[in-house]
Amino acid sequence: MKKNILILIVAFATLSSCESTDFDDPSTLTNEEAVSKIKSFSYSLVTSSVQTAFNTTTSTAGVHFSLLADQTTNTNGNSNWWYYAQEPRMRIINSSSERSYSASLNSLYSNFYQANLDATKVIDIIENQGGKAYDDAGKDRTNDCLIGAYYAKGVSQGYLGNLYDRGIIVDGINQTEKGYPNSYKELTENGVRHIEKAIALAEASSNLQFDFLQGITIGKDDFLKLANSIAARILSSIARDKAEAIALGSSYWQKVLAFAEKGFDSDFVITTTSGGYYNALLNNLIFKGSSNRPVDIKVPYLADKTHNYPNFYPTDDTILEPIETDDDRFYQYFSYTPSFGILMESRGRGLFSNYIRERWSNSHNSLSEVGSANPYILAEEVRLLKAEAKLFLNDVAGAAELLNDPNASRKAKGHLADVAANENDVRNAIHYEYAIEIDGAAGVTVPFTFMRRNDLLIGGTPTEYPIPQKQLELIGESLYSFGGKEYIGEKGRFGELATALDNGWKLSE
């Protein structure tokens, strides 16, 4: 009999929605036993997998990437945020005793591999064992579950490749290899192939019901836009620097463009239901009160039309005045305050900021409250992916046309002047849009991965995470890490740039 796969993660999630049983914990059963005894076993696994994938792509672990991308600043020791915000950049402490280990480094790894595990079991049950999948009402949901499993599996593997330098591709339940032989490229591209499989199955379905998020059902049209949008996001995020992004070639970027062209043309926003999904990262970033989460000085620096605003906060007793900008969105999305809130001068006044987020905030001061609007994929992110793909395809005029479309947010809301059709201006405009328009709305990797593939990260910034310490200890591999000013230009195992060069949006301190 086929036993449940043992994957190299420290802790496994337990099934949360199985029917009442009078036998051992379902996690101890073989797949065949579970299917025969629990009618909704596969449906429960897909629900677990999909919800884990959604929650992890917008988890609070993204705060650390927001700090590394200079979207957010902080001197708070909570989850070691201050450490990730510091300039010059510090090396990642790959240790289970370090405060950001569980909050970021290990949680992303474990959660995505758990989602992959649950999805792999379902695919095996349906495709290899000929099993059926039923929901809690006893309705045959086999095709829906297969689509959900391939989608969650693809997203999970894709994000693992986007975030970590390597891993292991687990596409079958009989995996026995111990180690991390697969590169970030292999993980990413294999993940996208699974998303393509989900797209193909969905296109062939006449009655797709994607109801694996608590209280939310995504229809066929929106699912196809969702899958194409996230495939474009993941595929575009493979490169660790601009040289690698260029070397991917025209066929690669044509594929990114093809996905994006089938993606969302309006914002995909999920309304919080009781016990359901919410954007935990953005919820953290917009929190107001005694511990406001300020944006990094980069954001007002890019928006300032006088070009006199500093890119590092003055270390004397200066309090910067509000900026002047032509972008009408800025005053809607951010608000000025002369108070530094929780920012501690003793931990680096250069990390100070006078701006906090207003966009997406609500009267509850929380996105977890029922009825709150949670952005998952913005139409503008899809537009930016198309524009950037055109740049890499040497269609500068086409990229500029997208940015200058009257319906683009920078035009319709910001009332900004047209972008000139030259590569430098277009690239600067896309960077600006990621900083102002996208910000924390798109989850843990964005805009970090955009800055990474366009050489915009500050020198010394880690471009990827190492495999977490506890996972390495399980197989006896040596501990390693990335980042730190003294490691600028460091290469990873596959020849990729693992620690950013000092040619980013500003020079390293």
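Our structure is the block above this text.
Residues numbered from 1 in each chain as written. Predicted model: local features only at pLDDT ≥ 70, side-chain atom pairs only at ≥ 80, totals over all residues. Heavy atoms only, no water.

**Points about the overall build of the chain**
- From N to C terminus, the chain includes 19 helices and eight strands.
- The globule rule puts the C-alpha radius of gyration for 509 residues at 23 Å, and the 23 Å found for the chain is close to it.
- For the chain, the spread of C-alpha atoms along the three principal axes comes to 70 × 50 × 45 Å.
- For the chain, with 509 residues in total, the buried portion stands at 62%.
- Considering only intrachain contacts with a sequence separation of at least 6, the fraction spanning at least 24 residues in the chain is 72%. (Helix = DSSP H or I, 4+ residues; strand = E, 2+ residues; numbered from the N terminus. Rg over C-alpha atoms; globule rule 2.2 N^0.38 Å. Buried < 20%, exposed > 50% of the residue type's maximum accessible area, 1.4 Å probe, protein only. Contact = heavy atoms within 4.5 Å.)

**So, the nonpolar core**
- The biggest cluster of nonpolar side chains holds 129 residues, and the ones touching the most others in it are Phe54, Tyr151, Phe223 and Leu226.
- Ignoring sequence-local partners within four residues, the contact set of Phe223 consists of Ile147, Tyr151, Ala198, Ala202, Leu208, Phe210 and Ile218.
- Tyr309, Phe352, Tyr355 and Leu416 belong to the second-largest nonpolar core, a separate cluster that totals 18 residues. (Core = buried A, V, L, I, M, F, W, Y, C linked by side-chain atoms within 4.5 Å.)

**Quick notes on empty space enclosed by the protein**
- Counted according to the given criterion, the structure contains five cavities of 30 Å³ or more.
- If you add up the space inside the largest cavity, you get close to 70 Å³.
- When residues of the lining of the largest cavity are assigned to their parent elements, the largest contribution, three residues, is made by helix 17 (residues 423-438).
- Partitioning the lining of the largest cavity into residue classes produces eight nonpolar, one polar and four charged.
- As for the second largest cavity, its lining consists of Arg240, Asp241, Met451, Arg452, Asp455, Leu456, Leu457, Thr463, Leu497, Ala500, Leu501 and Asn503. (1 Å grid on protein atoms, 1.4 Å probe; cavity = no way out; pocket = protein on both sides within 12 Å on 5 of 7 lines; lining within 4 Å. Points joined across faces, edges and corners; volume = space filled by probe spheres on them. Nonpolar A, V, L, I, M, F, W, Y, C, P; charged D, E, K, R; others polar.)

**Quick look at the side chain of Thr461**
- Structurally, Thr461 is set in the loop between helix 18 (448-453) and helix 19 (469-475).
- A distance of 3.0 Å separates polar atoms of two side chains, one belonging to Thr461 and the other to Arg89.
- Here Thr461 is in contact with Leu68, Arg89, Phe448, Gly483, Ala498, Thr499 and Ala500, once residues within four sequence places are set aside. (Polar contact = N/O pair within 3.5 Å; in protein donor to acceptor, adjacent residues only side chain to side chain.)

**Section: unusual backbone geometry**
- Here Glu87 and Pro88 are connected by a cis peptide whose omega angle stands at 0 degrees.
- Looking at where Pro88 falls in the secondary structure, it is placed in the loop between helix 4 (81-85) and helix 5 (99-128).
- Of note, the amide linkage connecting Val446 to Pro447 takes the cis form, showing an omega dihedral of 5 degrees.
- Take Pro447: it is sitting in the loop between helix 17 and helix 18.
- Of note, the phi angle at His415 is positive, near 55 degrees, even though the residue is not glycine.
- Its location among the elements puts His415 in the loop between helix 16 (409-412) and helix 17.
- Of note, Asp439 is a non-glycine position whose phi angle comes to about 50 degrees, a positive value.

**What about the packing of helix 8 (residues 220-236) against helix 14 (residues 379-392)?**
- Remark: helix 8 packs on helix 14, axes separated minimally by 10 Å, with the N-to-C direction vectors making an angle of 50 degrees. Judged on the interaxial angle alone, helix 14 and helix 8 are oblique. For the crossing formed where helix 8 meets helix 14, the hand is left-handed. Contact residues: Ser229, Ala232, Arg233 and Ser236 in helix 8; Glu381, Val382 and Leu385 in helix 14.
- Looking at the contact of helix 8 with helix 14 residue by residue, the classes come out as three nonpolar, two polar and two charged. (Axes fitted to C-alpha atoms, helices over the stretch in contact; angles between N-to-C directions. Parallel < 35°, antiparallel > 145°, perpendicular 65-115°, else oblique. Left-handed = near helix turned anticlockwise from the far one by under 90°.)

**Brief notes about the pattern of salt bridges**
- All chains considered together, the criterion is met by 27 salt bridges.
- Its salt-bridge partner being Asp70, residue Arg89 comes within 3.1 Å of it at the nearest N-O pair. Taken together, the residues span a long stretch of sequence, with Arg89 in the loop between helix 4 and helix 5 and Asp70 in the loop between helix 3 (62-68) and helix 4 at a distance of 19 residues. Like Arg89, the residue Asp70 is buried in the burial classification.
- Its salt-bridge partner being Glu196, residue Lys255 comes within 3.5 Å of it at the nearest N-O pair. Taken as a pair, Lys255 in helix 10 (residues 250-261) and Glu196 in helix 7 (residues 184-204) lie far apart in primary sequence, 59 residues in all.
- For Lys255, a relative accessible area of 35% translates into the label partly exposed.
- One network of salt bridges, in which partners are shared, links Asp327, Arg329, Arg359, Glu433 and Glu437. (Salt bridge = Lys/Arg side-chain N within 4 Å of Asp/Glu carboxyl O.)

**Looking at the layout of surface pockets**
- What the largest pocket holds in volume is close to 810 Å³.
- Along the wall of the largest pocket there are 29 residues; nearest its centre are Leu302, His307, Asn428, Ala429 and Tyr432.
- Residue assignment for the lining of the largest pocket shows that the elements contributing at least two residues are helix 12 (298-303) and helix 17.
- Counting residues per element, the lining of the largest pocket draws most heavily on helix 17, which supplies eight residues.
- Its residues placed into classes, the lining of the largest pocket shows 13 nonpolar, six polar and 10 charged.

The values are spatial; any link to function lies outside them.
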